[in-house]
Amino acid sequence: MALLTDRLPGAASPPLLTGRTGPAAVGGDAFDSGMWPSHRQEFLGDPAAWRNDPAVTVLAPPAAEDSSHVPFLIDATAVAQPIRRIVVTIDYSPFPKAIVFRPGRALPLLGFGVKYEVGGALRASAETGAETGAGEWLVGAAYVSALGGGCSAPAAAHHRPDWQQGFGELRARLWPETGRLRLRLRHPQDTGLADGIPAHHLTELALLDAAGAEIAALELHEPLEENPALTFLLPPDLARGPVAIRARDNLGYAFAGRVEGAP
Amino acid sequence: MSLSRRALLAGAAVLTLPLPIFAQPRRYGLQPIEVADGIWMIEGRREVFTRENGGDIVNVALLATDQGALVVDSGSTAAMGAEIRAFADQRLGGLVATINTHHHPDHWFGNAPLADRPVLALAATSATCREYAQDYAETLYAILGSWISGTRTMPATGEVEAGPRAIGGRTLRMIPLAGHTAADLAILDEATGVLVAGDLVFLDRAPSLPDADFATWLAALDRLEGLGPAGVVPGHGRFHRAGEGIAQTRAYLRATRDRLAMAADLGLTPIEAMAAGPVPEFAGLGANPEEYLRSVVRRFGDHETLALPVVGGA
């Protein structure tokens, strides 16, 4: 089990958040309905072979407490085949495509937060197989009710006169014993929808090993939350560290940092 | 002539038909109880906002004075405020003033039916009410539906200052604190020793932490305990005479803070911290696990800042 929920004393059993399939995963309608056929065509290349699969677990709270920060965890470590990429889409969002995750040498687990404009499902579509077009798409989803406004509101940073202070600050830590890497990057993640504030958001982030070779990579889009926090899961050899973190945004800023593992 | 008479009769007949339920004005049936001499309390349900409870989730205090009732916190909707007003008018000789203890909407969205008399709050509270009125209104209209019809947001216009204040023959001590939010007012009634604690004290209802600062809140609880109140009207939960509300709120804050800090230090995602649920001792409190889930979303980042060192930048 890739999840660490049981690490907390007296963890609820069963856990308060569990993966769902079928209509329960997308808010009650048929899994193959709403914006999904269109998103499947546009963002997955209209594959013939796809199915809702419980091995792709998407966890989220049932309701968004804060539409600007809706946390998710995708766990596809139960998928037997190799996973080329996981495409994260939001059913009802002005920017439906949120993230493309290429796990590479990391495990297919990703924690992140997104902005929600209106209640709906977030879907994680995992493309299996070693070669493009060779596999099939396994899809998981979680529905979140939200009152919205997360994408069209200005970033909280703009309420402060000193919003640029601390911009780009990268915090991170590697836990070799569990393989977890968690990072947080100070970034306004402006979508461009708020009046008078141009789009300014991350476009890519990668983890590199000690030799500079890529471990895993993310393609990032507007819905990613302000000051995004991300969780990766590394196999034991890579979790010993060090791991370098590299990121870029749409205005050309570059961000870099490095976490050490076991001493 | 006869035609209009027939029309009138037809109209009268229509009026005798039962109205559909949604067209009837919503009534909460609030039940004020006299918990100490001249101090009345309306206890809200120990729940989060839902369409079923209509926002009847908050405690309201009415302090009888020579000039009418002093209302402390006005509820979540205009309809709640109107029921509070009716009780003050019918039983307590009218209304002298209203005080809002802090900016959360269940404590001031009922102001409008009380606003022909002074409505007071800490200056910082009124400012925050004005800032978030629109956001709160949109959220509550979506959750509460018709319960909140006709509710206009009317933040306090008068200011409460620290120290003693005599109102209608009753001497009150105004105690500005913080921790539940950036500005929380507690009020001690000198005659009875009853403390109207606002949301600094919860009992058997999970404390609400979206705007909380743990250390500041814990310090505020120490202050309140030092007053040695003879009774406490908590913001949510039952009236009590011993110090159990302060003790339980303190224990909940410490345990929840420690749980979130541990989760961040172990490298959990907020989703895993949520899935683990509240500290087991407090899992059965009213409004849990909903309040715990909210706490993770709002407070996890504070603990993560401590757990994750700076490793790079732009």
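What you are looking at is a predicted structure, and each value in this text was computed from that prediction instead of being measured.

Rules behind the numbers
Residues numbered from 1 in each chain as written. Chains lettered and ligands numbered in written order. Predicted model: local features only at pLDDT ≥ 70, side-chain atom pairs only at ≥ 80, totals over all residues. Heavy atoms only, no water. Phe/Tyr/Trp six-rings, centres within 6.5 Å; stacked < 30°, edge-to-face > 60°. Helix = DSSP H or I, 4+ residues; strand = E, 2+ residues; numbered from the N terminus. Buried < 20%, exposed > 50% of the residue type's maximum accessible area, 1.4 Å probe, protein only. Lys NZ or Arg CZ within 6 Å of the ring centre and 35° of its normal. Contact = heavy atoms within 4.5 Å. Buried area = accessible area lost by both parts, 1.4 Å probe. Salt bridge = Lys/Arg side-chain N within 4 Å of Asp/Glu carboxyl O. Polar contact = N/O pair within 3.5 Å; in protein donor to acceptor, adjacent residues only side chain to side chain. Nonpolar A, V, L, I, M, F, W, Y, C, P; charged D, E, K, R; others polar. Pairing = 2+ DSSP bridges. Axes fitted to C-alpha atoms, helices over the stretch in contact; angles between N-to-C directions. Expected span 1.5 Å × (residues − 1).

Draft legend 1. Structural context of the packing of aromatic side chains. If you walk through the whole model with that rule in mind, you get 13 aromatic pairs over all chains. Summarising the aromatic geometry, the rings of F167 of chain A and F255 of chain A are spaced 5.6 Å apart at their centres and angled 75° between planes, so their arrangement reads as edge-to-face. Of this pair, F167 of chain A sits in the loop between β8 (137-144) and β9 (170-175) while F255 of chain A sits in strand β15 (residues 254-259); the two residues are 88 residues apart in sequence, bridging distant segments of the chain. Taken as a pair, F167 of chain A and F255 of chain A share a single burial class, namely buried. Both rings, one in W108 of chain B and one in F109 of chain B, keep their centres 4.8 Å apart while their planes meet at 75°; by these two values the pair is edge-to-face. One exposure class covers both W108 of chain B and F109 of chain B, and it is buried. Put simply, the rings of F31, W36 and W50 of chain A pair up and form one aromatic cluster. Taking the ring centre of F31 of chain A as reference, the NZ or CZ of R123 of chain A above it sits at 4.7 Å.

Draft legend 2. Region of the structure containing the interface of chain B and chain A. Counting from both sides, the interface comprises 39 residues of chain B and, opposite them, 45 residues of chain A. Across the chain B/chain A interface, buried area totals approximately 3400 Å², and carbon plus sulfur atoms make up 64% of it. For the chain B face of the interface with chain A, the top three residues by lost area are I271, L308 and V311 of chain B, together amounting to 18%. At the junction of chain B and chain A, the tally comes to seven salt bridges. Taken together, chain B and chain A are joined by 20 residue pairs in polar contact (both at pLDDT 80 or more). Secondary structure elements with two or more residues in the side of chain B that touches chain A: α3 (123-144), α5 (244-265), α6 (270-275), α7 (290-307) and β13 (310-313) of chain B. Tallying contributions element by element places α7 of chain B first for the side of chain B that touches chain A, with nine residues. Its residues assigned to classes, the side of chain B that touches chain A shows 25 nonpolar, eight polar and six charged. Bridge count between β9 of chain A and β13 of chain B: two bridges; the pairing is antiparallel. Residue pairing across strands places L170 of chain A opposite G312 of chain B, the latter belonging to β13 of chain B.

Draft legend 3. Quick peek at the sheet that holds strand β12 (residues 231-236) of chain B. Residue and element names in this part refer to chain B. Strand order in this open sheet of five strands is β8-β9-β10-β11-β12, and the pairing throughout is mixed. The open sheet has two free edges, formed respectively by β8 (163-167) and β12, since each of these has just one partner strand. Averaged over all pairs of adjacent strands, the angle between strand axes in this sheet comes to 30°, irrespective of strand direction. Pairing geometry for strand β9 (residues 170-177) and strand β10 (residues 184-189), over six bridges, is antiparallel. Bridge assignment links R173 to a residue of β10, and that residue is L188.

Draft legend 4. Just α7 of chain B, in detail. Its 18 residues give α7 of chain B an end-to-end C-alpha distance of 25 Å, which sits within 8% of 26 Å, the value for a rise of 1.5 Å per residue. For α7 of chain B, the set of buried residues is E291, Y292, L293, S295, V296, V297, R299, F300, H303, E304 and A307 of chain B.

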